[in-house]
Amino acid sequence: MKSADKHDKIIRAAIKVFADKGFFNARIADIAKEAGVADGTIYLYFNNKYDILLSLFEEEIDKIISEVRKLIDKETDPERMLAAFAHHYLNLLRDNKELVEVLQMELRQSTSFIKEYRKTKFVEYIDIISEIVRQGQQREQFRKDVLPGIAKRAYFGALDEMARHWILQPNPRYSPGEAAEQICSIFLYGLKTK
């Protein structure tokens, strides 16, 4: 098996194990068993469990950024761009529930990770929102007095809270599409110039 294939297999196994057992309860042996590799093989690719979590986060966010940028590049209207971002983020829960659980719950339980991930791709990811807000302001669709840095955190915070709600509530009342449209609509009402 190629090196990259094993690396990917370990990451996939870690997502499943972290989602099932939680990061702190998961053991390297659990990840190795799920990946179908020897425990020692894990250490050929990662220093420790924390390194797996950081790698998982960086690699998966990189993929998500690429997907979102492709969707947004198809749109010319900042309003539709914000909607595309919202739909993509909330559809992740439907399409990759275990990954979202790890991103939502496990990554937030480590204070050292919270400090470290500010320097990662995550900032690039939510900066997509502020880029869209700036475009809307340049086109005079969005209010000029709205600070893009605050708007991105508020918008992402609403989407993120909805995703967390779905993780904790197995039978949600709203579909990802309904929630994306509602959140987008609420924010656009506050952003629009008219």
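How each quantity is defined
- Residues numbered from 1 in each chain as written.
- Predicted model: local features only at pLDDT ≥ 70, side-chain atom pairs only at ≥ 80, totals over all residues.
- Heavy atoms only, no water.
- Helix = DSSP H or I, 4+ residues; strand = E, 2+ residues; numbered from the N terminus.
- Buried < 20%, exposed > 50% of the residue type's maximum accessible area, 1.4 Å probe, protein only.
- Contact = heavy atoms within 4.5 Å.
- Areas by Shrake-Rupley, 256 points an atom, 1.4 Å probe, with all protein chains shown as cover.
- Lys, Arg positive; Asp, Glu negative; His and termini not counted.
- Charge placed at Lys NZ, Arg CZ, Asp CG, Glu CD.
- Axes fitted to C-alpha atoms, helices over the stretch in contact; angles between N-to-C directions.
- Parallel < 35°, antiparallel > 145°, perpendicular 65-115°, else oblique.
- Left-handed = near helix turned anticlockwise from the far one by under 90°.
- Nonpolar A, V, L, I, M, F, W, Y, C, P; charged D, E, K, R; others polar.
- Expected span 1.5 Å × (residues − 1).
- Bend = angle between axes of the 7 residues up to and from the residue.
- Phe/Tyr/Trp six-rings, centres within 6.5 Å; stacked < 30°, edge-to-face > 60°.
- Lys NZ or Arg CZ within 6 Å of the ring centre and 35° of its normal.
- Salt bridge = Lys/Arg side-chain N within 4 Å of Asp/Glu carboxyl O.
- pLDDT = per-residue confidence, 0-100.

Turning our attention to the overall build of the protein. Regarding its fold elements, the protein presents 10 helices and zero strands. Walking the protein from its N terminus toward its C terminus, one meets helices and strands in the order α-α-α-α-α-α-α-α-α-α. Within the protein, buried positions represent 46% of all 194 residues. Taking contacts inside the protein between residues at least 6 apart in sequence as the whole, the part at least 24 apart equals 73%. For the protein, the computed accessible surface area is about 10,500 Å², with 50% contributed by carbon and sulfur atoms. Counting 31 positive and 30 negative side-chain charges, the protein places the averaged centre of each group 2 Å from the other.

Right, let's get into the packing of helix 8 (residues 121-138) against helix 9 (residues 148-168). Between helix 8 and helix 9, whose axes approach to 8 Å, the crossing angle comes to 120°. With respect to helix 9, the element helix 8 is oriented oblique. Crossing handedness for the pair helix 8 and helix 9: right-handed. Contact residues: helix 8 offers Phe122, Tyr125, Ile126, Asp127, Ile129, Ser130, Val133, Arg134 and Gln137, while helix 9 offers Pro148, Gly149, Ala151, Lys152, Tyr155 and Phe156. Partitioning the contact of helix 8 with helix 9 into residue classes produces nine nonpolar, three polar and three charged.

Another point: helix 8. With 18 residues, helix 8 should reach 26 Å at 1.5 Å per residue; the first-to-last C-alpha distance of 26 Å fits that figure. Along helix 8, the sharpest kink reaches roughly 25°, centred on aspartate 127. When helix 8 is considered as a whole, its buried residues turn out to be Phe122, Tyr125, Ile126, Ile128, Ile129, Ser130, Ile132, Val133, Gly136 and Gln137.

The geometry of helix 4 (residues 49-73) relative to helix 5 (residues 78-95) is characterised by a closest axis approach of 9 Å and an angle of 145° between their N-to-C directions. The two elements helix 4 and helix 5 cross, and the hand of that crossing is right-handed. Seen from helix 4, the contacting residues are Ile64, Glu67, Val68, Leu71 and Ile72; seen from helix 5, they are Met81, Ala84, Phe85, His88 and Leu92. Among the residues forming the contact of helix 4 with helix 5, the class breakdown is eight nonpolar, one polar and one charged.

Right, let's get into the packing of aromatic side chains. Scanning the model with the defined rule gives seven aromatic pairs in all. Here a set of aromatic residues connected by ring pairs shows up, and it is made of Phe85, Tyr89, Tyr125 and Phe156. The cationic tip of lysine 49 hangs over the ring face of phenylalanine 23; the distance from NZ or CZ to the ring centre is 4.7 Å.

Glancing now at the pattern of salt bridges. Inspection of every chain in the model, using the stated rule, returns 12 salt bridges. In this structure, arginine 27 engages aspartate 30 in a salt bridge whose closest nitrogen and oxygen atoms are separated by 3.0 Å. Its relative accessible area of 12% is what places aspartate 30 among the buried residues. In this structure, arginine 143 engages aspartate 145 in a salt bridge whose closest nitrogen and oxygen atoms are separated by 3.0 Å. The exposure class of arginine 143 is partly exposed, given its relative accessible area of 33%. Here the salt bridges do not stand alone but share partners, grouping Asp8, Arg12, Glu60 and Lys63 into one network.

Mean pLDDT over the protein: 86, with 91% of residues reaching 70 or higher. Element-level pLDDT for the protein is lowest in helix 7 (residues 111-117), with a mean of 58, against a maximum mean of 94 in helix 2 (residues 28-35).

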